[in-house]
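A look at the structure
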Amino acid sequence: MSPTPNSTPKKILVLGATSGIAEATCRIWASQGASLFLVGRNAEKLAAVAQDLKTRGATYVETAVADLDDTEKHPELLAHAINSLTGMDVAYLAHGILGDQAEAERDFNTAAQILHTNFVAPVSLLTWLANYCVQRQLGTLAVISSVAGDRGRKSNYVYGSSKAGLSAFLGGLRNRIDREGVTVLSIKPGPTRTAMTAGMPKSEKFADPNAVAESIVKAIAAKKDSLYVPFQWQPIMFIIRNIPERVFKKLNL
Ligand SMILES: NC(=O)c1ccc[n+]([C@@H]2O[C@H](COP(=O)([O-])OP(=O)(O)OC[C@H]3O[C@@H](n4cnc5c(N)ncnc54)[C@H](OP(=O)(O)O)[C@@H]3O)[C@@H](O)[C@H]2O)c1
């Protein structure tokens, strides 16, 4: 399905813009002439991404360096970004951490950090953004969750539970604000080749971030509610969610 020109977003706020998946997505939007406001915590990486997007055809690119864990600064940051863009068609939330599962099993602070970055901080951003969009009766909130949130498993259940919380929040938010003209897209990638998965066994076989980004751009243009990407993760997760607990608890996943 290709986006129609009318549905191509023009003003896009990207939170976690230095993420491998976000950067690939922004390259497509830049080639479509979008205006982009990029937020990231690493000034050097952010500047490089911004420069690249300008050369690829973005109409407007502005940046803000921010640690998105700092929820108190969110209202000011978001208001500044939207002011800079003179409006907003899409907010794209891409930041996240995998964290260290083994460490999180020993140390609650490690677990709390994963939950804060992947769940609490997005809830703070989305609460503000949802109310902004509802006031205007338009906009799309596109948020990267994960297939890992569909069922907890021993190798990454702290990360998985942060994404499960995020997916549940997005479902409820959609149920609240879809009728107000605001689209909420839950994006659930399977394993994808980015900095987050570099060094994992068989990571060379993971999905190409450019292909993942292409599906995300199309899903946003089509105002979809949810996206498993690559698509085969939808039936795979259907099967995984339905494995009986007495069997699942004995698997090494
Ligand atoms: N790769 C996968 O297999 C996969 C699968 C499913 C879901 N996802 C999700 O996809 C999203 C994008 O991840 P990715 O694969 O593109 O990995 P990535 O390249 O490692 O991107 C993660 C991004 O989050 C940023 N970030 C983390 N904490 C932050 C904070 N407190 N403030 C601001 N930025 C912060 C990182 O910034 P720095 O560059 O400064 O570290 C980085 O740009 C994440 O939500 C991830 O959970 C990834």
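Here, every reference points to the structure presented above.
Residues numbered from 1 in each chain as written. Predicted model: local features only at pLDDT ≥ 70, side-chain atom pairs only at ≥ 80, totals over all residues. Heavy atoms only, no water.

1. Comments concerning the site of the ligand
- In the vicinity of the ligand there are 29 residues, among which Thr18, Lys45, Tyr159, Thr192 and Thr194 approach most closely.
- For the ligand, an oxygen atom lies 3.2 Å from a polar atom in the backbone of His95.
- Contact distances for the ligand include 2.7 Å between an oxygen atom and a backbone N or O atom of Thr192.
- Here the ligand loses 92% of its free accessible area of 890 Å² to cover by the protein chains.
- Only α1 (20-31) and α6 (157-177) provide two or more residues apiece to the shell around the ligand.
- Considered class by class, the residues forming the shell around the ligand number 11 nonpolar, 13 polar and 5 charged. (Near = heavy atom within 4 Å. Polar contact = N/O pair within 3.5 Å; in protein donor to acceptor, adjacent residues only side chain to side chain. Areas by Shrake-Rupley, 256 points an atom, 1.4 Å probe, with all protein chains shown as cover. Helix = DSSP H or I, 4+ residues; strand = E, 2+ residues; numbered from the N terminus. Nonpolar A, V, L, I, M, F, W, Y, C, P; charged D, E, K, R; others polar.)

2. Overview of a nonpolar patch on the surface
- A contiguous nonpolar surface patch, about 200 Å² in accessible area, is contributed by Val247, Leu251 and Leu253.
- As for its position among the elements, Leu251 is in the segment after α9 (245-248). (Patch = residues over 30% accessible without salt bridge, like charges linked within 9 Å, V, L, I, M, F, W, Y side chains within 5 Å. Salt bridge = Lys/Arg side-chain N within 4 Å of Asp/Glu carboxyl O.)

3. Side note on the nonpolar core
- Grouped together as the largest cluster of nonpolar side chains are 35 residues, with contacts concentrated most on Val14, Trp29, Leu36, Leu38, Tyr92 and Ile187.
- One finds Leu77, Met88, Tyr132 and Leu141 within the second-largest nonpolar core, a separate group that totals 30 residues. (Core = buried A, V, L, I, M, F, W, Y, C linked by side-chain atoms within 4.5 Å. Buried < 20%, exposed > 50% of the residue type's maximum accessible area, 1.4 Å probe, protein only.)

4. Quick notes on the packing of helix α3 (residues 74-85) against helix α5 (residues 108-136)
- Contact pair α3 / α5: the axes reach a minimum separation of 10 Å and the direction vectors enclose 50°. When the axis of α3 is compared with that of α5, the two are oblique. Seen along the crossing, α3 lies across α5 with a hand that is right-handed. Counted together, His74, Pro75, Leu78, Ala79 and Ile82 of α3 and Ala121, Ser124, Leu125, Trp128, Leu129 and Tyr132 of α5 form the full contact between these two elements. (Axes fitted to C-alpha atoms, helices over the stretch in contact; angles between N-to-C directions. Parallel < 35°, antiparallel > 145°, perpendicular 65-115°, else oblique. Left-handed = near helix turned anticlockwise from the far one by under 90°. Contact = heavy atoms within 4.5 Å.)

5. Points about the sheet that holds strand β1 (residues 11-15)
- In spatial order, the strands read β3-β2-β1-β4-β5-β6-β7; together these 7 strands make up an open sheet with parallel pairing. Strands with a single pairing partner mark the edges of an open sheet, and in this sheet they are β3 (60-65) and β7 (226-229). For this sheet the average axis-to-axis angle between neighbouring strands, irrespective of direction, equals 15°.
- Two elements, strand β2 (residues 35-40) and β3, share 6 bridges in a ladder whose sense is parallel. Its bridge partner being in β3, Val39 is matched across the sheet by Ala64.
- Seen against the sheet, α6 touches β5 (140-144) and β6 (183-189) and runs at an angle of roughly 155° to β6. (Pairing = 2+ DSSP bridges.)

6. Brief notes about the pairing of β1
- In terms of residue burial, β1 counts as a mostly covered element, since 4 of its 5 residues are buried.
- Summarising the sheet, β1 and β2 pair through 5 bridges and their orientation is parallel. Considered in β2, the bridge of Val14 is made with Leu38.
- For the segment spanning β1, α1 and β2, crossover handedness is right-handed.
- Judged from the 4 bridges that link them, β1 and strand β4 (residues 90-93) form a sheet pairing that is parallel. Bridged to Leu13 within β4 is Ala91. (Right-handed = clockwise from strand over helix to strand, strands pointing away.)

7. Some thoughts on the packing of α1 against helix α2 (residues 43-55)
- The geometry of α1 relative to α2 is characterised by a closest axis approach of 8 Å and an angle of 25° between their N-to-C directions. Overall, the two elements α1 and α2 adopt an arrangement that is roughly parallel. For the crossing formed where α1 meets α2, the hand is right-handed. Touching Glu23, Cys26, Arg27 and Ala30 of α1 are Val49, Asp52 and Leu53, all from α2.
- The residue makeup of the contact of α1 with α2, split by class, is 4 nonpolar, no polar and 3 charged.

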